Amino acid sequence: MLKQRIITALILLPIALCGFFLLEGSGFALFIGLVVTLGAWEWARLAGFGTQLPRVAYAAVVALLLFLMYILPDVAPWVLGAAVLWWALATFLVLTYPQTSSHWSSVACKLVIGLLILLPAWQGLVLIKHSPMGNWLIMAVMVLVWGADIGAYFSGRAFGKRKLAPAVSPGKSWEGVYGGLALTLAITLVVGVVRDWSIKDIILALLGTAVVVFISVVGDLTESMFKRQAGIKDSSNLLPGHGGVLDRIDSLTAAIPIFAVLLWMTAS
C-alpha cells in the first residue's frame, strides 16, 4: 500500500502542479472541471447509485453545469453564496450526526448536496486564479489546508483526548484541530511579518485563516459522514493507495469557496 501511495503521488503531483499553476483561462477551467467531474462520478456512488449509468449521467450533468457557469460568470456570487449557506449547515449536520441524518438521507437530497459541494469549489478556484497574484493565492489556500492537516496529525497523536465528531470520524480530536489551527496561524503570521503587512492586515489574515481552517475540517468530516452513511471506506479506487478524488480534495472543496468569499470581501 505504501509503495502504491508513493508511486501514485509521484505521478499525480507534477500533473496537479502544472494544471494549477501553468494553465490559464479556459485551459485551467477545463482542468479543474475534469477533476470536479470525476468527483461528481464518485459522489453519485455516495448518494446511492451503485451502477455506472446513473453515476456517469450525474457526472455529465455536473460537467454541463460547469460549462454554463463558465459562459455565465454573473452567477458566481450566487454559487459562492450557496456554498456559504451549505457549509454553515454542514457544520451543524456533522456535529449532530446521526440524529439529523434522516433529513438528508434520500438520494435526491444527496445529489443536490453534491452540487453544493462541487460547483462552488470549481467556481471559487476559477475566481481565485483570475485574481491578482492568483497562483500565489491558490498556493496560500493549499498551504492552509495542508498545514492544518499536518498540524492536526501530530497534535492529535500527541495530545488527542477529546473526540471531535466520534460518530463521523473517531480518530479526529479537538486537540488535533487546535494543533492544525496553531500551525496555520503561525505560518500566516510569519508571512505577514516577512511581507511587512500592517497590523490591521495581519489581524484580518489571522481571522481569515481561522475561518478557512475550520471550514476545511468540516469539509473533511462531511465526506466522512457521507461515506459512513453509505457504508464505504473510499469514494473510489481511481487513485491507487489514495482512494478516490474526493478523498484527496474533501477539505479543499470547503476551503476554496470560503477563501474566495473572504478574498472578495477584503477586496471590496
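Residues numbered from 1 in each chain as written. Predicted model: local features only at pLDDT ≥ 70, side-chain atom pairs only at ≥ 80, totals over all residues. Heavy atoms only, no water.

## Regarding the packing of aromatic side chains
Moving on, step 1. Scanning the model with the defined rule gives eight aromatic pairs in all.
Moving on, step 2. Consider the rings of Trp104 and Phe226, whose centres lie 4.5 Å apart with planes at 45°: the pair is tilted. With Trp104 in the loop between helix 4 (76-95) and helix 5 (107-130) and Phe226 in helix 8 (residues 199-230), this pair connects stretches of sequence that are 122 residues apart.
Moving on, step 3. With relative accessibility at 2%, the residue Trp104 sits in the buried group. (Phe/Tyr/Trp six-rings, centres within 6.5 Å; stacked < 30°, edge-to-face > 60°. Helix = DSSP H or I, 4+ residues; strand = E, 2+ residues; numbered from the N terminus. Buried < 20%, exposed > 50% of the residue type's maximum accessible area, 1.4 Å probe, protein only.)

## Comments concerning the layout of surface pockets
It is a probe the size of a water molecule, rolled over the atoms, that shows where empty space is left.
Moving on, step 1. Reported here for the second largest pocket is a volume of approximately 1,600 Å³.
Moving on, step 2. Along the walls of the second largest pocket sit 45 residues, with Leu137, Phe259, Leu262, Leu263 and Thr266 positioned nearest its centre.
Moving on, step 3. For the lining of the second largest pocket, the secondary-structure elements that each account for two or more residues are helix 3 (52-71), helix 4, helix 5, helix 6 (134-159), helix 7 (174-194), helix 8 and helix 9 (245-267).
Moving on, step 4. Residues belonging to the lining of the second largest pocket are distributed by class as follows: 34 nonpolar, eight polar and three charged. (1 Å grid on protein atoms, 1.4 Å probe; cavity = no way out; pocket = protein on both sides within 12 Å on 5 of 7 lines; lining within 4 Å. Points joined across faces, edges and corners; volume = space filled by probe spheres on them. Nonpolar A, V, L, I, M, F, W, Y, C, P; charged D, E, K, R; others polar.)

## Comments concerning the packing of helix 6 against helix 9
Between two packed helices, what matters for the description is the angle formed by their axes and the separation of those axes.
Moving on, step 1. Put simply, helix 6 and helix 9 touch, their axes get as near as 10 Å, and they point 130° apart. If you check the angle between helix 6 and helix 9, you find them oblique. Both helix 6 and helix 9 take part in a crossing whose hand is right-handed. Touching Leu137, Ala140, Val141, Met142, Leu144, Val145 and Asp149 of helix 6 are Ser251, Leu252, Ala255, Ile256, Phe259 and Leu263, all from helix 9. (Axes fitted to C-alpha atoms, helices over the stretch in contact; angles between N-to-C directions. Parallel < 35°, antiparallel > 145°, perpendicular 65-115°, else oblique. Left-handed = near helix turned anticlockwise from the far one by under 90°. Contact = heavy atoms within 4.5 Å.)

## Overview of helix 3
In an α-helix, one turn spans 3.6 residues; hence positions three or four apart end up facing the same way.
Moving on, step 1. With 20 residues, helix 3 extends 29 Å from end C-alpha to end C-alpha; this agrees with the ideal 28 Å at 1.5 Å per step.
Moving on, step 2. Those residues of helix 3 lying buried are Arg55, Tyr58, Ala59, Val62, Leu66 and Met69. Down the axis, helix 3 shows its buried residues gathered within 95° of arc, on one side only.
Moving on, step 3. Those residues of helix 3 that are buried lie in contact with helix 2 (25-47), helix 4 and helix 5. (Expected span 1.5 Å × (residues − 1). Arc of directions from axis to C-beta.)

## Thoughts on unusual backbone geometry
Moving on, step 1. A cis geometry characterises the amide bond from Tyr97 onward to Pro98, with omega recorded as 5°.
Moving on, step 2. For Pro98, the location among the structural elements is in the loop between helix 4 and helix 5.
Moving on, step 3. We note that Met133 has phi near 60°; this positive angle belongs to a residue other than glycine.
Moving on, step 4. By the element assignment, Met133 lies in the loop between helix 5 and helix 6.
Moving on, step 5. The backbone of Asp196 shows a phi angle near 60°, a positive value even though the residue is not glycine.
Moving on, step 6. With respect to the element layout, Asp196 can be found in the loop between helix 7 and helix 8.

## A closer look at a nonpolar patch on the surface
Moving on, step 1. Taken together, the side chains of Leu64, Phe67, Leu68, Tyr70, Ile71 and Leu72 make up a nonpolar region of the molecular surface, amounting to roughly 560 Å² of accessible area.
Moving on, step 2. Mapped onto the elements of the fold, Leu72 is located in the loop between helix 3 and helix 4.
Moving on, step 3. We classify Leu72 as partly exposed; its relative accessible area is 45%. (Patch = residues over 30% accessible without salt bridge, like charges linked within 9 Å, V, L, I, M, F, W, Y side chains within 5 Å. Areas by Shrake-Rupley, 256 points an atom, 1.4 Å probe, with all protein chains shown as cover. Salt bridge = Lys/Arg side-chain N within 4 Å of Asp/Glu carboxyl O.)

## Focus: the pattern of salt bridges
Moving on, step 1. Counted by the stated rule, this structure contains five salt bridges.
Moving on, step 2. Residues Asp234 and Lys233 are paired through a salt bridge, measuring 3.9 Å at the closest nitrogen-oxygen approach.

## Quick word on empty space enclosed by the protein
Moving on, step 1. Using the criterion set out here, one finds one cavity of 30 Å³ or more in the structure.
Moving on, step 2. When its volume is computed, the largest cavity comes out at roughly 70 Å³.
Moving on, step 3. Lining the largest cavity, in full, are Trp43, Trp87, Ile117, Gly219, Thr222, Glu223, Leu246, Asp250 and Thr253.
Moving on, step 4. Those elements giving two or more residues to the lining of the largest cavity turn out to be helix 8 and helix 9.

## Examining the environment of Ser155
Moving on, step 1. On the secondary structure map, Ser155 appears in helix 6.
Moving on, step 2. Each C-alpha atom, one on Ser155 and one on Gln4, is 27 Å from the other, the two residues being 151 residues apart in sequence.
Moving on, step 3. In contact with Ser155, other than residues within four places in its own chain, are Gly160, Glu175, Gly176 and Gly179.

## Overview of the UniProt feature "transmembrane region" (unreviewed entry) in the protein
Moving on, step 1. Those places that UniProt annotates as "transmembrane region" (unreviewed entry) correspond, in this numbering, to residues 28-44, 56-72, 78-95, 107-128, 134-155, 176-195 and 201-219.
Moving on, step 2. Secondary structure content for residues 78-95 is 100% helix and 0% strand, while the C-alpha to C-alpha distance between its ends is 26 Å.
Moving on, step 3. Across residues 176-195, helical content stands at 95% and strand content at 0%; the span's end C-alpha atoms are separated by 29 Å. (UniProt positions renumbered as here; feature names shortened; annotations may be inferred.)

## A look at the side chain of Arg55
Moving on, step 1. Mapping Arg55 onto the fold places it in helix 3.
Moving on, step 2. Of the side chains with opposite charge, Glu42 comes closest to the buried, unpaired Arg55, at an N-O distance of 6.6 Å.
Moving on, step 3. With near-sequence residues (within four places) excluded, Arg55 lies in contact with Trp41, Glu42, Ala44, Arg45 and Phe49. (Lys, Arg positive; Asp, Glu negative; His and termini not counted.)

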